Amino acid sequence: AWMLKIELDDNWHVFNGIQLQQDWDIDHVLIGPGGVFAISTKSARGCFTRMPDGSIHLNGNPCDFAKQALGQTMELVSRLQALLGADVPYVQSVLAVPFGYVTHPEKSHRVWILHQENMTDVLEQEGKQKRLSKKETERLVTCLKSLAENSLKIWKKPPLISPRAESH
């Protein structure tokens, strides 16, 4: 969060710890001229390798971090669609591994895997693509503020009442 806040310019907006479910939050959501990024940070140490089938291995062992990051991104997209309708821009899923080494191109596949040494550089390059207008960015920032403020309430679902209980 600190790196994103100080290394990216004022055109970027960072939201931290948006609760999606009781024990599940997105570490950071970044909105700026380059788009929307859902960033999941893992402090695992070691070598991250993308296998030919697209799966990720950490130190030679299968690892679900990228799959989890994508799941969080999809849940965020679902929440944004509920608030904005069908007009939701693409949300890029990012797995940040500050203590890991990445053996493949960072931006390959659906989940980018970035290290702290290149994360803000990659995101700044994306910002030069100007995928979002100032108006779109402001709309998304307003939406994310609402989502962040209400996220603890939103994930809670009312208890199911069985039809049998209602008839008594």
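Keep in mind that this is a model prediction, so the values were computed, not measured. Position numbers for residues count from 1 along each chain, tracking the sequence in the order it is written. Totals for whole chains, interfaces and linings use every residue, but because this is a predicted model, local features are given only for residues with pLDDT of at least 70 and side-chain atom pairs only at 80 or more, for both listing and counting. Excluding hydrogens and water, the side-chain values take into account all heavy atoms of the structure.

**Student:** Is there a simple way to explain the pairing of strand β2 (residues 24-32) in this structure?
**Tutor:** Along any regular strand the residues' side chains alternate between the sheet's two faces. When strand β1 (residues 13-21) meets β2, the two strands line up antiparallel, connected through seven bridges. When the bridges of β2 are listed, H13 appears paired with I31. Taken together, β1 and the strand that follows it, β2, pair antiparallel across an intervening segment of two residues. Bridge count between β2 and strand β3 (residues 35-41): five bridges; the pairing is antiparallel. When the bridges of β3 are listed, G32 appears paired with G35. Taking the residues between adjacent antiparallel strands as the criterion, β2 and β3 are bridged by two residues. Pairing between two strands is assigned when DSSP locates at least 2 bridges connecting them. Starting at the N terminus, helices and strands are each numbered in turn, a helix being any DSSP run of H or I of at least four residues and a strand any DSSP run of E of at least two.

**Student:** When you look at helix α3 (residues 119-127) in this model, what are you seeing that I'm missing?
**Tutor:** In an α-helix, one turn spans 3.6 residues, which is why side chains three or four residues apart end up on the same side. Turning to α3, its buried residues are M119, T120, V122, L123, E126 and G127. Looking straight down α3, one finds its buried side chains confined to an arc of 160°; they lie on one side. The inward-facing, buried residues of α3 contact α1 (2-7), β2, β3, β7 (91-96) and β9 (111-114). The buried label goes to any residue with under 20% of its type's maximum accessible area, the exposed label to any with over 50%, and the partly exposed label to all in between, with areas taken from a 1.4 Å probe on protein chains only. It is the directions from the helix axis to the C-beta atoms whose arc is reported. Contact definition: two residues touch when any of their heavy atoms are within 4.5 Å.

**Student:** Got a minute to help me understand helix α2 (residues 65-84) in this structure?
**Tutor:** The end-to-end C-alpha distance of α2, which contains 20 residues, comes to 28 Å, matching closely the 28 Å that a straight helix rising 1.5 Å per residue would cover. The complete set of buried residues in α2 reads A66, A69, Q72, T73, L76, V77, R79, L80 and L84. Relative to the axis of α2, the buried residues are bounded by an arc of 165° and lie together on one face. Away from the buried face of α2 by more than 90 degrees, exposed residues K67 and A82 are located. Note on α2: the residue one or two positions beyond its end, G85, has a positive phi of about 85°. Given a helix with a known number of residues, its expected span is that number minus one, times 1.5 Å.

**Student:** Help me understand the nonpolar core in this model?
**Tutor:** If you look at soluble globular proteins, the nonpolar side chains tend to sit buried side by side. Within this scheme, the nonpolar core is defined by two criteria: the residues are buried Ala, Val, Leu, Ile, Met, Phe, Trp, Tyr or Cys, and they are joined through side-chain atoms within 4.5 Å. Of all hydrophobic cores here, the largest spans 20 residues; its most connected members are V29, I31, L76 and L144. With residues near it in sequence (within four places) discarded, L76 still touches L20, I26, V29, A38, V91 and L147. Of all hydrophobic cores here, the second largest spans 14 residues; its members include L4, V94, L114 and M119.

**Student:** Got a minute to help me understand the sheet that holds β2 in this structure?
**Tutor:** Strand pairing within a sheet occurs via backbone hydrogen bonds; the two strands may be parallel or antiparallel. The five strands are arranged β1-β2-β3-β7-β9 in an open sheet whose pairing can be described as mixed. In this open sheet, the two strands that pair with only one neighbour each are β1 and β9. When the angles between neighbouring strand axes are averaged without regard to direction, this sheet yields 30°. In the sheet, β7 pairs with β9 via four bridges, with the strands oriented parallel. Bridge pairing in β9 places L95 opposite I113. Angles here are taken between N-to-C directions and fall from 0 to 180 degrees, while the axes themselves are lines fitted to C-alpha atoms, restricted in helices to the stretch in contact.

**Student:** Quick question: what am I supposed to make of the pattern of salt bridges here?
**Tutor:** Where charged atoms from two side chains of opposite charge come close, those side chains can pair. Here a salt bridge means any side-chain nitrogen of Lys or Arg lying within 4 Å of a carboxyl oxygen belonging to Asp or Glu. For the structure on display, the rule yields three salt bridges. Measuring nitrogen to oxygen at the nearest pair gives 3.1 Å for the salt bridge that ties R139 to D87. Note that R139 is positioned in helix α4 (residues 134-154) and D87 in the loop between α2 and β7, a separation of 52 residues in sequence. A salt bridge links E126 to R131, with the nearest nitrogen and oxygen atoms 2.5 Å apart.

**Student:** So what exactly am I meant to see when it comes to the sheet that holds strand β5 (residues 56-58) here?
**Tutor:** Taken in spatial order, the four strands of this open sheet run β6-β5-β4-β8, and their pairing is mixed. Strands with a single pairing partner mark the edges of an open sheet, and in this sheet they are β6 (61-63) and β8 (100-102). Strand-to-strand twist across the sheet, computed as the mean angle between neighbouring axes with direction ignored, equals 35°. In this structure, strand β4 (residues 46-50) lies alongside β8, joined through three bridges in parallel fashion. What sits directly across from F48, in β8, is V102.

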